[in-house]
Number of protein chains: 4
Amino acid sequence: MNIKTAITASLLILSQAISGMTHAALPDPGLHVEKGRTALVITDPQNDFLSPKGVTWGVVGKSVTANNTVENIETLLKSAKANGIPVFISPHYYFPHDHGWQFEGALEKLMHNIGMFDRKDALSVEGFEGSGADWLERYKPYIEDGKTVVTSPHKVYGPETNDLVLQLRKRGIDKVILAGMSANLCTESHMRELIEQGFEVAVVEDATAAAQVEEGDGYAAALVNFRYIANTVWTTKEAAQAIRGN
Amino acid sequence: MNIKTAITASLLILSQAISGMTHAALPDPGLHVEKGRTALVITDPQNDFLSPKGVTWGVVGKSVTANNTVENIETLLKSAKANGIPVFISPHYYFPHDHGWQFEGALEKLMHNIGMFDRKDALSVEGFEGSGADWLERYKPYIEDGKTVVTSPHKVYGPETNDLVLQLRKRGIDKVILAGMSANLCTESHMRELIEQGFEVAVVEDATAAAQVEEGDGYAAALVNFRYIANTVWTTKEAAQAIRGN
Amino acid sequence: MNIKTAITASLLILSQAISGMTHAALPDPGLHVEKGRTALVITDPQNDFLSPKGVTWGVVGKSVTANNTVENIETLLKSAKANGIPVFISPHYYFPHDHGWQFEGALEKLMHNIGMFDRKDALSVEGFEGSGADWLERYKPYIEDGKTVVTSPHKVYGPETNDLVLQLRKRGIDKVILAGMSANLCTESHMRELIEQGFEVAVVEDATAAAQVEEGDGYAAALVNFRYIANTVWTTKEAAQAIRGN
Amino acid sequence: MNIKTAITASLLILSQAISGMTHAALPDPGLHVEKGRTALVITDPQNDFLSPKGVTWGVVGKSVTANNTVENIETLLKSAKANGIPVFISPHYYFPHDHGWQFEGALEKLMHNIGMFDRKDALSVEGFEGSGADWLERYKPYIEDGKTVVTSPHKVYGPETNDLVLQLRKRGIDKVILAGMSANLCTESHMRELIEQGFEVAVVEDATAAAQVEEGDGYAAALVNFRYIANTVWTTKEAAQAIRGN
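Analysis parameters
Within any chain, residue numbers begin from 1 and follow the written order of that chain's sequence. Going through the entries in the order they are written, you letter the chains from A and number the ligands from 1. In keeping with the model being predicted, local features are shown solely for residues with a pLDDT of at least 70 and side-chain atom pairs are shown and tallied solely at 80 or more, while totals for entire chains, interfaces and linings include all residues. Only hydrogens and water are set aside when side-chain values are computed; all heavy atoms of the structure are taken into account. Strands are runs of DSSP state E lasting at least 2 residues, helices are runs of H or I lasting at least 4, and numbering of each runs from the N terminus. Any pair of residues with heavy atoms lying within 4.5 Å of one another is described as a contacting pair. What sets the accessible areas is the Shrake-Rupley method with a 1.4 Å probe; for residues, cover comes only from the shown protein chains. Alignment of copies: least-squares fit on C-alpha atoms of residues with pLDDT of at least 70 in both copies. Summed over both partners, the accessible area (1.4 Å probe) lost when two parts come together is defined as the buried area. For salt bridges, the criterion is a side-chain nitrogen of Lys or Arg within 4 Å of an Asp or Glu carboxyl oxygen. Residue classes follow a fixed rule: Ala, Val, Leu, Ile, Met, Phe, Trp, Tyr, Cys and Pro count as nonpolar, while Asp, Glu, Lys and Arg count as charged, and any other residue, Gly among them, counts as polar. Simply put, an axis is a line fit to the C-alpha atoms, just over the touching stretch for a helix, and the angle between two N-to-C directions goes from 0 to 180 degrees. Convention used here: angles under 35 degrees read as roughly parallel, angles over 145 as roughly antiparallel, angles from 65 to 115 as roughly perpendicular, and any remaining angle as oblique. Multiplying 1.5 Å by the helix residue count minus one yields the expected span of that helix. Burial classification: accessible surface area is computed with a 1.4 Å probe over protein chains only, and a residue below 20% of its type maximum counts as buried, one above 50% as exposed, and the rest as partly exposed. Two strands are counted as paired when DSSP detects at least two bridges linking them. Here a pair means two rings of Phe, Tyr or Trp (six-membered ring of Trp) with centres within 6.5 Å. Their orientation is stacked below 30 degrees between planes, edge-to-face above 60, and tilted elsewhere. Each ring is checked for a lysine NZ or an arginine CZ that lies within 6 Å of its centre and within 35 degrees of its normal; such an atom marks a charge sitting over the ring.

Going by an unreviewed UniProt entry, chain A carries the name Nicotinamidase-related amidase and comes from Thiogranum longum.

(A) Spatial organisation of the overall build of chain A. Counting secondary structure elements, chain A contains 10 helices and 8 strands. Nonlocal contacts in chain A, meaning residues at least 24 apart in sequence, comprise 78% of its contacts between residues at least 6 apart. Accessible area for chain A stands at about 8,200 Å²; split by element, carbon and sulfur atoms hold 54% of it.

(B) Representation of the relation of the copies chain A and chain D within the structure. Mapping chain A onto chain D is achieved by rotating through 180 degrees and translating by 0.0 Å along the same axis, at an RMSD of 0.0 Å. Seen this way, the second copy is the image of the first under a two-fold rotation axis. Measuring from the rotation axis to each C-alpha of chain A, the shortest distance belongs to Asn-162 of chain A, at 2.4 Å.

(C) Local environment of the interface of chain A and chain D. Of the residues lining the interface, 32 residues belong to chain A; the matching set on chain D comes to 32 residues. Of all residues in chain A, the largest losses of buried area upon contact with chain D belong to His-97, Leu-123 and Lys-170 of chain A, amounting jointly to 29% of the total for that side. The closest approach of N and O atoms between Lys-170 of chain A and Glu-108 of chain D, which form a salt bridge, is 2.7 Å. Mapped onto the side of chain A that touches chain D, the elements with two or more residues apiece are strand E3 (149-150) and helix H7 (164-170) of chain A. Among the elements that make up the side of chain A that touches chain D, the one with the highest residue count is H7 of chain A (4 residues). Grouping the amino acids of the side of chain A that touches chain D by side-chain chemistry returns 13 nonpolar, 9 polar and 10 charged.

(D) Highlighting the packing of helix H4 (residues 69-82) of chain D against helix H10 (residues 236-244) of chain D. Residue and element names in this part refer to chain D. At a minimum axis distance of 10 Å, the contact between H4 and H10 shows a crossing angle of 0 degrees. Considered as vectors, H4 and H10 are oriented roughly parallel to each other. Contacts between H4 and H10 involve Asn-72, Thr-75, Leu-76, Ser-79 and Ala-80 from the first element and Thr-236, Ala-239, Ala-240 and Ile-243 from the second. For the contact of H4 with H10, the class distribution of residues is 5 nonpolar, 4 polar and no charged.

(E) A look at helix H4 (residues 69-82) of chain A. Residues and elements named next belong to chain A. Given a rise of 1.5 Å per residue, 14 residues ought to cover 20 Å, and the 20 Å separating the end C-alpha atoms of H4 matches this to within 8%. Of all the residues in H4, the buried ones are Thr-69, Val-70, Asn-72, Ile-73, Glu-74, Leu-76, Leu-77, Ser-79 and Ala-80. Gly-84 sits one or two positions beyond H4 and adopts a positive phi of about 70 degrees.

(F) Representation of the environment of Phe-49 of chain C within the structure. Residue and element names in this part refer to chain C. Relative to the assigned elements, Phe-49 resides in helix H2 (residues 47-50). Under the relative-accessibility criterion, Phe-49 is labelled buried at 6%. Once the C-alpha coordinates of Phe-49 and Gly-180 are considered, the two residues, 131 residues apart in sequence, prove to be 9.5 Å apart. Leaving out residues up to four positions away in the same chain, Phe-49 has contacts with Asp-44, Thr-56, Trp-57, Val-60, Val-64, Met-116, Phe-117, Met-181 and Ser-182.

(G) Spotlight on the pairing of strand E1 (residues 38-43) of chain C. Residue and element names in this part refer to chain C. Extensive coverage of E1 is indicated by the burial of 6 of its 6 residues. Neither face of E1 is open: one carries Thr-38, Leu-40 and Ile-42, the other Ala-39, Val-41 and Thr-43, and all of them are buried. As defined by bridge partners, E1 adjoins strand E2 (residues 87-90) across 4 bridges and the pair is classed as parallel. Directly across from Thr-43, in E2, lies its bridge partner Ser-90.

(H) Seen up close, the pairing of strand E2 (residues 87-90) of chain B. Residues and elements named next belong to chain B. The alternating pattern of E2 places Val-87 and Ile-89 on one face and Phe-88 and Ser-90 on the opposite face, and all of these are buried. Bridge analysis of E2 against strand E3 (residues 149-150) gives 2 bridges, and the strand direction is parallel. Each residue of the ladder has a partner; that of Ile-89, found in E3, is Val-150.

(I) Broad picture of helix H8 (residues 183-196) of chain A. Residues and elements named next belong to chain A. For H8, built from 14 residues, the straight-helix expectation of 20 Å at 1.5 Å per residue is met to within 8% by its first-to-last C-alpha distance of 18 Å. Counting buried residues along H8, 14 of its 14 residues qualify, which places the element largely inside the surrounding structure. Trailing H8 by a residue or two, Gly-198 shows a phi angle of about 85 degrees, which is positive.

(J) The arrangement of the sheet that holds E3 of chain B in detail. Residue and element names in this part refer to chain B. Spatially, E3-E2-E1-E4-E5-E8 is the arrangement adopted by the 6 strands of the open sheet, whose pairing is parallel. The sheet terminates laterally at E3 and strand E8 (232-234), the two strands that pair on one side only. In terms of strand pairing, strand E1 (residues 38-43) meets strand E4 (residues 175-180) through 6 bridges, oriented parallel. In the strand pairing of E4, Thr-43 is matched with Gly-180. This element, helix H4 (residues 69-82), spans E1, E2, E4 and strand E5 (200-204) of the sheet and lies at about 150 degrees to E1.

(K) Region of the structure containing the sheet that holds strand E5 (residues 200-204) of chain C. Residue and element names in this part refer to chain C. Pairing is parallel across the open sheet formed by 6 strands, whose spatial order is E3-E2-E1-E4-E5-E8. Taken across any chain shown, the strands that pair with only one partner, and hence form the sheet edges, are strand E3 (149-150) and strand E8 (232-234). Bridging between strand E4 (residues 175-180) and E5 involves 4 bridges; their strand directions are parallel. From the neighbouring strand, Ile-177 faces E5, where its bridge partner is Ala-202. Against the sheet, helix H10 (residues 236-244) makes contact with E4, E5 and E8, and its axis sits at roughly 105 degrees relative to E8, the strand it touches most.

(L) Region of the structure containing the packing of aromatic side chains. Applying the stated criterion to the full structure yields 14 aromatic pairs over all chains. Pairing Tyr-93 of chain B with Phe-128 of chain B gives two aromatic rings, centres 5.9 Å apart and planes at 80 degrees, and the pair type is edge-to-face. Within this pair, whereas Tyr-93 of chain B is found in the loop between E2 and helix H5 (106-113), its partner Phe-128 of chain B is found in the loop between H5 and helix H6 (140-143), the two being separated by 35 residues in sequence. Between Phe-49 of chain C and Phe-117 of chain C, the aromatic rings sit 5.5 Å apart at their centres with planes inclined by 70 degrees, giving edge-to-face as the arrangement. Of this pair, Phe-49 of chain C sits in helix H2 while Phe-117 of chain C is found in the loop between helix H5 (106-113) and helix H6 (140-143), placing the two residues 68 residues apart along the sequence. In textbook terms, an aromatic cluster arises when at least three aromatic residues are bridged by ring pairs, as seen for Tyr-93, Phe-95 and Phe-128 of chain A. When the ring centre of Tyr-93 of chain A is taken as origin, the NZ or CZ atom of Arg-119 of chain A, which lies over that ring, is 4.6 Å away. Cation over ring: Arg-119 of chain B sits above Phe-128 of chain B, and NZ or CZ is 5.2 Å from the ring centre.

(M) Examining the pattern of salt bridges more closely. Evaluation of the coordinates by the stated rule reveals 61 salt bridges over all chains. Asp-98 of chain C is the partner of Lys-155 of chain C in a salt bridge, and the nearest nitrogen-oxygen pair spans 2.7 Å. Separated by 57 residues along the polypeptide, Lys-155 of chain C in the loop between E3 and helix H7 (164-170) and Asp-98 of chain C in the loop between E2 and H5 bring together distant segments of the chain. When its relative accessible area of 0% is taken as the criterion, Asp-98 of chain C is described as buried. Its salt-bridge partner being Lys-109 of chain D, residue Glu-104 of chain D comes within 3.9 Å of it at the nearest N-O pair.

Here it is, written out as C-alpha cells:
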C-alpha cells in the first residue's frame, strides 16, 4: 500500500467511525458451549508461524506479539483439557512432491519459495523434531497427551483436503471454538468451510495473528470476516469463560 | 468500529505505508487466459445487491457506486461473450424451508431477517420477476442467451453447496476470472473454494463491492485476501484486455 | 452378461450359499432413531424412474414392481410425516446446458441420450407438471405440504453437487433413513457420501430398485454394498417400526 | 445369502442371460489417454489387503488370486513409469484416535475390530515397516522412487477426506486410470467421487479384488457399478496398451 492509498484508507475508516452507521449493526448469534458437542480446533500451531526462528516471523512476528497469540493458544489448550473439551489440531505440511505443483496462488507460491512447513516425506520423521513444521515446543504436552486428535495436513488453507470435518462428526461435534495461525489464511478458510459444512463456529480473535505486509494487513482483514461470518467472536478470556461455564 | 479503534487502525495503516515493508513483497503468479480452459464466473448478480431498490443497498450502495461495479460486471459479460469465454453464474436464493435453519452465522442471520434473495419455492417463479432475487435487468440479455450456465444456488457463501465446480470441470475449465457480489462474502468464498479445488483464479477487484458497516469494511478486507490468495488480481480494464488477448 | 458368464456366476452364488462362509459374518452396527436427529431422505422420487410412462421403465420396471417400491416409498413418507421425522427430497434434473458436457460416464451418457429428468430451465416450470422430471403424482401431498425440504438437484449421482448435507446439518440431523431411486446409482452414492460426511445411515432395501440389464443387475450390486457400507439395512416394515418406536 | 435367496438370484441371472435384454446395452464412452492429463491412481496397495499375511486375506485372498491382482497392479505401475504417466497412491491408515469414533458403518466397524491398517501415530513410523499398513514389498521400488505422489490417508472409503483431488488438479490431471483394493469399497468410492469431481475414469477390473462373504460378493457388485458409472472398464492388458499407445 503506498502512502496515498494509506491516507485514503485511513480517512475512510475515520469518517466511517464518526458517521457511526449504527443502523447497520450486525447480529451476533452467539455460541453456547455444550459438552460432548463442542471442540477446540487449532490451525497450524507450528514453529514456522509462532517461533521467532520460524520462516515467517519477519512478517507475522509483530502481530503474534501484539496479540499475545502464543500464550493465548496455550490458555485455550489448557482450558479445554481441564474442562473435557476435545482438542483437534489441523496442521500444515508440505512434502517434496508438493513442490511439483504446476500453479499456485500468491501465498502458496511464497510458502513454497521459503520452504515453509517442509517435511522430508509423509513416512519419515527424519529431521522433523524442532523444524519449522514441528509443533511449538510448549504445546507438545497438550498435543501429545494421547487424546488430542491430529488430522492429516491441509494442503492449501482450508480443511477441504484433510479429515477434520469427518473427525469432528465421528465424535458428535457440531460446535467449534477456532483459533490458530494465520488469521486470514488457514484460520479464516477453516472458519468458512466449517460454516459451509453446518458447524457453529466461535473464533478467538486474539489467539490468532497474521502477516502484515505492504500489500495488506491480513489480521485486519480477518477481523472483519470473522465478525461477518462466524456465529460469534470471542477474546481468549471470553473463550476460557465459556469453556469453564459449561 | 468505534473512534478509538478507527484511529488506531489508521495509524497502523499509515505507519506501515511509511515504513514500506518492501522486503515482504508478495509474488503475483498471474493467470494466462487460454480459450477453452478459461471461464468468467459471476456471483450473485442480483437486485438485492446491485439495485438501489435491493434490500442491502443501504450498506453496499456506496461501495457499488464507488467501484462502478454494475457497469464493470456488464463490461466483463460483454467482453466474455464477444471473445468466446463461457460465462457461469452462481446465484443466491433462499426458500421458505431455509428459514427453518436452527443456527446461522452473523450475516446469514441478517440475510434471513431482511428477506434477502427470498423465493417462494424452487419449483415456482411466481413473483420472481423483478424481485430482489432476480437478475439485474441489464444483465438479462447476457444470462438468458441460451449459452450461459446458471448453477444451482449456493446456500451459504461458497460453491460447496451447488454444482459450479462440476459444471466448470465438465466443460474443461481450469481457470476462472471471478467477479460479482459481495466481495468478502460470496466472491471471496468462491475464490477460496475454487483455489482449494485446484483452479487458477483471477479476481476482478472493481467488478465487486461489499458492505461497509460499523463492524468493518468488507471491501477492504476482501482486497487484502484477494491479493494474498488469488493467482492474480485485475481491474476490469485489465480483465477485458486479458480476455481479448487470447 | 452372456449365458456362460451367467452360469458361472450362478454356480458361484450357489456354492457360496452352500459353503456358508459363516466365519466372515459382517457386523451390523444398527441405527437408533432419535427424534430431532433423524430424517428420511428420498432420492429421485420422479416419474422417469417410478411411473410406467417414465423413460427408464423398460429397464427398472421389473425391479420396481418386484420390490413394491412405489408403495414402500409412500409408506415411509406417511410414516415419517405421522411421527415428526423430517423429510428431505434430493431430486435429479438436467437443464439444456447440462447437455453441453464434454464427457460423461456410461449412465450419465445414457440418461442424457434418453432425455431423462430434462427440464427447460431452472427458472421455468413450463411443461414441468406431469413430465418425467416431476414427482410421482401420489407423492405430491407429502412433498408439497410446506414442511418437506426439497434440495437443489444433484447432477451426477451423489449429493456432492447439491445442498443436502448442509440442509440436514442446519436442522441438527445426523442420522438418515435412506430410500428412493435408483439403488446402485443415486441411492448408493448418497449413502456413500453421507457416510463420508459422518452421518449414520440406514438404507431401506425394498423402498428402492434399479436397472437390470445385460451388463449387470444394479439392484443385486446395491444390496451387497448397502450391507457392507451402511450402518444397517432395513425393510420398509422394519423402517416404519423404527420410526414409530422413537 | 441363504440357499433360497441364492437360488432365486441364480435363476434371475440365468433368465436375464437367456432373455438377452440386448435392447438396453449401455454406452461405453471410453477414455483416451493423453500424456500430461492422465494419471494412474492406486488405492490401498498395502499388506493387509494383498499379502497372505494381511488381516483380510481370509475373505479377499480368493478374489486376489483369481484376478491375479498383485501382478496386475505391478504391471500397471511398471507400465505407467515406463511411459511417463504419473502415479498417485491413496493409502488407508488408522491411528489410535480413529478407534475413538462414536459410530461406524459395517465394514468400518470390522476394519477397526481386526486392527486393519493400524499405525501408531501419524508422526511415528515405529513398527510400520512390514506391517499390515505398509506397502506390499514388491511395489516399494515404484512408490518410493521420488516421483510417485502419495496422498494423505483416506479415512472411510473415498478421497473426500484426503488431498487426492487437489494433487491431481495441481498437476493438470483430468483423466484417471484407477485400480487397487478393494473393488467395491475404496476403489469404487474413489471412482464415484472422481466422477462427481469431473474426472474421466477408466477402472481396471482385474487389478482389483474384493471380499466375498456370506452377505454378498463385493467383487461382483463392483463390476456392475464400474460398468454403469465409469467412462470405461479395462483389463490390465487393455490398460497397458492404452498407456503405451499415447
